[in-house]
Amino acid sequence: MERITRRELLKRGSIAGAGVAIGSSLGKKGFAEEKGEKISLPKIVERSRESNLERMEKDLQRALQKPQHERHWVYVIDVKKCVGCAACIAACQTENRTPPGVVYRPVIHEELGKYPNVTRRHIPRLCNQCDNPPCTPVCPVDATYKRADGIVVMDYDRCIGCRYCATACPYNSRLFDFGEFYARGKGFFPIMPYENVPTYEYKVSWKRHKGRSPVGNVRKCHFCLHRIERGLLPQCLVTCLGAVNYFGDSNDRKSLVSELISKSNVMRLKEELGTKPQVYYLL
Amino acid sequence: MKNRAINWFLLLTGISGIIGVGAIVYRLVEGMKVTSLTSNFPWGMWISYYIYFIGLSAGSFLFSTLIYVFGRRELEKAGRLALFSAFFALVAGLLFIWMDLGHPWRFLYVFAHWNYSSVLAWEILFYLGYIVVVLAELWYLMRADLGLMRDESSAGKRAFYGALALGWKTPGTKEERESARQGSMRAAAVLGAIGIPLAIGVHGGTGAVFAVVKARPHWYSAIFPIIFLTSALVSGAGLMTFLYAFLGDKGESDYPRIVRSLADWLILFLAIDIILIIAEFLVTVYGNIPEPIAIWKEMIFGPYWFVFWVGQIGLAMLVPILIYLFKRNSSTWLGIGGLSVVMGIVAVRLNLVIPAFATSPVPLLDKAFHDARFVFSYFPSLTEWVTSLGLISVVAFFFLVFYRLLPMVRTSEEYSV
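Residues numbered from 1 in each chain as written. Chains lettered and ligands numbered in written order. Predicted model: local features only at pLDDT ≥ 70, side-chain atom pairs only at ≥ 80, totals over all residues.

Caption draft 1: Summary view of the overall build of chain A. Counting secondary structure elements, chain A contains seven helices and ten strands. Per-residue burial for chain A yields a buried fraction of 40% across its 283 residues. Long-range contacts, defined as pairs at least 24 residues apart, comprise 62% of the intrachain contacts of chain A with a sequence gap of at least 6. (Helix = DSSP H or I, 4+ residues; strand = E, 2+ residues; numbered from the N terminus. Buried ≥ 20, exposed ≤ 12 C-beta atoms within 10 Å, placed from the backbone. Contact = placed C-beta atoms within 7 Å.)

Shown next as structure tokens:
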């Protein structure tokens with residue numbers, strides 16, 4: 001490596017600094033939301049190459065430039081890399097403030113083989129946001145539906161809590177909020193302050209009260225919709241130690257996920273049922 | 001003697017009804033956490049009772065069509081009893097599913113945001129149409145009696161009967177009364193005929209609610225809604241046999257013949273039901289696909305094996321068949337057989353709903369996360385028991401009250417339709 005003089009360094013640094021200043025002031029705005037809301041997207045920070053976070057954030061911001069119906073979100077999980085630490089479960093529960101019994105992405109732990117040829121495999125199971133969902137036709141009040149960008153969403157205000165969708169899901173991805181709190185009811189504990197923090201699912205603030213949504217509703221993974229529409233990747237993805245997860249827009253041929261899902265080592269859960277799940281597993 | 005027995009039942013159902021209402025209020029205030037359901041076990045006792053009572057209702061109604069549409073006049077004295085049972089059973093079924101909702105007070109959304117692709121949404125519409133038909137048919141059959149009772153009653157009861165009679169004026173001459181009676185029977189025939197596809201839609205549809213769920217292999221078959229219908233006919237015939245044997249007028253000369261006739265129909269429907277269940281069982285066992293086999297194993301050998309063996313096989317099949325073979329000349333015994341069927345079919349319904357959730361559809365999901373509201377096992381909580389028995393008591397209480405007030409069993413010719 002050549003030696004640079006202090007003058008050279010200052011010159012290069014100021015040019016780079018000016019470039020960054022101009023670039024960020026131009027600022028990419030996310031595309032108009034349903035209500036014409038304009039958001040400012042976060043700045044992309046360079047990180048280690050293996051995690052692909054930079055690339056996925058760029059993919060995400062590029063996708064947000066398009067109107068909602070032109071995006072198609074998919075999730076990819078590299079099963080070989082998952083060590084079964086369950087940090088993603090904790091992250092999801094923290095992000096979405098889910099109550100006891102509501103866990104959007106449990107991780108299935110398998111032990112395979114017979115000694116001495118044994119191995120372990122860990123498979124997280126999210127809501128697959130199926131392209132042909134078995135859960136949406138059965139809702140008697142049309143409280144759950146597939147959005148144009150592929151996410152199957154819940155209308156918390158309309159759901160009557162009949163749990164027909166929960167029985168119809170072949171993956172048991174849908175959870176019911178029974179109205180329980182972690183500390184309450186076990187001895188003399190009141191509801192703890194951390195349980196009163198509202199959750200921002202579907203970009204609306206929800207605080208859990210007895211009898212009011214989301215208590216008494218069916219809840220499920222929504223790919224952290226409130227985060228991705230602000231240019232942030234899903235919480236489970238950014239938390240994962242092993243960079244197991246990938247997320248992006250499969251309509252975008254240049255995105256990372258489009259490359260990954262076109263490989264031959266790709267598997268989806270219960271494909272034979274015809275649900276067309278959009279969570280892909282790399283074996 | 002019968003009146004004394006009914007008084008005791010009124011007291012019993014009244015007390016347990018009041019306790020039950022208290023439990024229901026507790027459930028409405030505290031929400032679904034009073035149950036022991038979980039996210040992976042979303043449906044349990046209340047849904048089982050919902051399908052049970054819908055089946056009882058449709059079965060009783062279809063039984064009444066034997067009389068009013070297909071002309072089996074010898075059973076006519078049990079006709080109104082069948083329609084009253086159909087009405088009260090439907091109310092019970094609807095109250096059970098209402099109680100099971102996460103947001104019970106949002107039930108009106110089903111009408112405001114009706115989703116044409118949901119079998120459950122169609123069912124709610126069918127239930128409404130069906131209630132209208134049942135009530136209309138009852139009115140036509142009872143209007144003359146209600147008019148007479150209104151005319152001959154003092155002030156308080158006069159208002160009650162008058163309200164039910166909906167302004168029916170008792171005709172003066174005998175010929176007019178006869179032609180009004182025939183008009184009633186024609187109306188009952190028409191309404192009964194309209195009611196047949198409705199009742200099949202009501203209960204076959206309830207079966208379809210389960211049958212279209214491809215996620216649960218135990219339910220996902222064409223025979224499932226048909227089994228629902230045959231079980232409904234069995235439970236309806238069983239209820240009719242039981243109710244007529246104990247509420248019918250034993251003094252009437254054709255009483256034993258009617259009870260025997262009702263029991264004959266019960267055994268016929270039971271035979272058809274048994275054939276279908278054997279078919280379902282044998283075909284599944286032959287295929288030996290792990291998921292459906294695991295559910296049958298759970299049912300037959302699992303921790304709740306007695307629901308299958310004592311309830312489904314014993315009470316619903318063996319007891320009525322044995323009674324019919326050896327004791328069919330005794331109306332009391334046949335009534336007991338009917339009661340046994342009515343209780344046994346509860347076990348049939350429990351086994352339709354609950355074992356399907358006992359195994360995980362995605363392997364090892366049951367060990368993936370440890371939480372009381374995530375487990376794949378279920379036993380109804382105390383609140384579920386008390387609310388269920390309480391709700392049944394309330395409906396039974398009102399059934400008995402109306403039995404006292406109205407001529408549900410047509411006995412003498414004094415009040416004649």
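Caption draft 2: Spatial organisation of the overall build of chain B. In terms of helices and strands, chain B carries 13 helices and zero strands. Each helix and strand of chain B, ordered N terminal to C terminal, gives the series α-α-α-α-α-α-α-α-α-α-α-α-α. Here the C-alpha radius of gyration of chain B, 22 Å, is about what a compact globule of 417 residues would show, namely 22 Å. Once the C-alpha set of chain B is aligned to its principal axes, its extents read approximately 75 × 50 × 40 Å. Buried residues in chain B amount to 48% of all 417 residues. Within chain B, contacts between residues separated by at least 24 positions form 79% of all contacts whose residues are at least 6 apart in sequence. (Rg over C-alpha atoms; globule rule 2.2 N^0.38 Å.)

Caption draft 3: Inspection of the environment of leucine 41 of chain A at higher detail. Residue and element names in this part refer to chain A. Looking at the secondary structure, you find leucine 41 in the loop between helix H1 (6-26) and helix H2 (53-65). For leucine 41, a count of 17 C-beta atoms within 10 Å translates into the label partly exposed. Separated by 25 residues in the primary sequence, leucine 41 and lysine 66 have C-alpha atoms spaced 14 Å apart.

Caption draft 4: Highlighting the interface of chain A and chain B. In this assembly, 42 residues from chain A lie in contact with 38 residues from chain B. Counting residues per element, the ones that place at least two in the side of chain A that touches chain B are strand S2 (107-112), helix H4 (164-168) and strand S6 (175-176) of chain A. For the side of chain A that touches chain B, the residue count by class is 26 nonpolar, nine polar and seven charged. (Nonpolar A, V, L, I, M, F, W, Y, C, P; charged D, E, K, R; others polar.)

Caption draft 5: Structural context of the nonpolar core. Residues and elements named next belong to chain B. Met240 and Leu262 are the most contacted members of the largest nonpolar core, which has 182 residues in total. Considering every element that reaches this core, the biggest residue donor is helix H2 (residues 45-68), with 17 residues. Aside from chain neighbours lying at most four places away, what touches leucine 262 is Leu75, Ala78, Ala237, Met240, Thr241 and Tyr244. (Core = buried A, V, L, I, M, F, W, Y, C linked by C-beta atoms within 7 Å.)

Caption draft 6: Helix H8 (residues 223-247) of chain B, seen in detail. The terminal C-alpha atoms of H8 of chain B lie 35 Å apart, and with 25 residues this matches the ideal 36 Å at 1.5 Å per residue to within 8%. For H8 of chain B, the buried fraction is high: 20 of the 25 residues fall into the buried class. (Expected span 1.5 Å × (residues − 1).)

Caption draft 7: Local environment of the sheet that holds strand S9 (residues 266-267) of chain A. All names here are of chain A. Taken in spatial order, the four strands of this open sheet run S8-S1-S10-S9, and their pairing is mixed. Each edge of the sheet is formed by a strand with only one pairing partner; in this case those strands are strand S8 (245-249) and S9. Relative to strand S10 (residues 279-282), strand S1 (residues 73-78) is paired through four bridges, and the arrangement is parallel. Each residue of the ladder has a partner; that of tyrosine 75, found in S10, is valine 279. (Pairing = 2+ DSSP bridges.)

Caption draft 8: The arrangement of helix H6 (residues 155-165) of chain B in detail. Residue and element names in this part refer to chain B. Every buried residue of H6 is accounted for by Tyr161, Leu164 and Ala165. Seen from one end, H6 has its buried residues packed into an arc of 100 degrees, which puts them on one side. For H6, the exposed residues lying more than 90 degrees away from the buried face are Ala155, Gly156, Ala159 and Ala163. Of the surrounding secondary structure, the elements contacted by the buried residues of H6 are helix H5 (119-151). Where H6 terminates, the next one or two residues include leucine 166, which has phi positive at roughly 55 degrees. (Arc of directions from axis to C-beta.)

Caption draft 9: Summary view of the packing of helix H3 (residues 79-100) of chain B against H8 of chain B. Residues and elements named next belong to chain B. In the contact formed by H3 and H8, the axes pass within 10 Å of each other and the chain directions differ by 120 degrees. When the axes of H3 and H8 are compared, the pair comes out oblique. Seen from above, H3 lies across H8 with right-handed handedness. Counting all contacts with H3, which are made through Leu81, Ala82 and Ser85, the residues of H8 involved are Leu239, Met240, Leu243, Tyr244 and Leu247. Residues belonging to the contact of H3 with H8 are distributed by class as follows: seven nonpolar, one polar and no charged. (Axes fitted to C-alpha atoms, helices over the stretch in contact; angles between N-to-C directions. Parallel < 35°, antiparallel > 145°, perpendicular 65-115°, else oblique. Left-handed = near helix turned anticlockwise from the far one by under 90°.)

Caption draft 10: Up close: the confidence of the model for chain B. Mean pLDDT over chain B works out to 90, with 98% of the residues at or above the 70 mark. Interface predicted TM-score (ipTM) for the complex: 0.90; the corresponding pTM is 0.89. (pLDDT = per-residue confidence, 0-100.)

Caption draft 11: View of the environment of lysine 214 of chain B. All names here are of chain B. With respect to the helices and strands, lysine 214 occurs in the loop between helix H7 (174-211) and H8. Judged by the 15 C-beta atoms lying within 10 Å of it, lysine 214 is partly exposed. It is 18 Å that separates the C-alpha atoms of lysine 214 and asparagine 288, two residues lying 74 residues apart in sequence.

Caption draft 12: A look at the packing of helix H1 (residues 2-30) of chain B against helix H13 (residues 382-405) of chain B. Residue and element names in this part refer to chain B. Viewed as axis vectors pointing N to C, H1 and H13 meet at an angle of 135 degrees, and their least axial separation amounts to 6 Å. Considered as vectors, H1 and H13 are oriented oblique to each other. Judged by the sense of rotation from one axis to the other, the crossing of H1 with H13 is left-handed. Its residues placed into classes, the contact of H1 with H13 shows 15 nonpolar, nine polar and one charged.

Caption draft 13: Examining the confidence of the model for chain A more closely. Scored by pLDDT, chain A comes out at a mean of 87, with 86% of its residues at no less than 70. Segment residues 19-33 of chain A: pLDDT under 50, and 18 contacts once partners within four positions in sequence are set aside and those in other chains are kept.

Caption draft 14: Structural view of the environment of glutamate 229 of chain A. Checked against the element boundaries, glutamate 229 of chain A lands in the loop between helix H5 (225-228) and helix H6 (235-239). For glutamate 229 of chain A, a count of 19 C-beta atoms within 10 Å corresponds to the partly exposed category.

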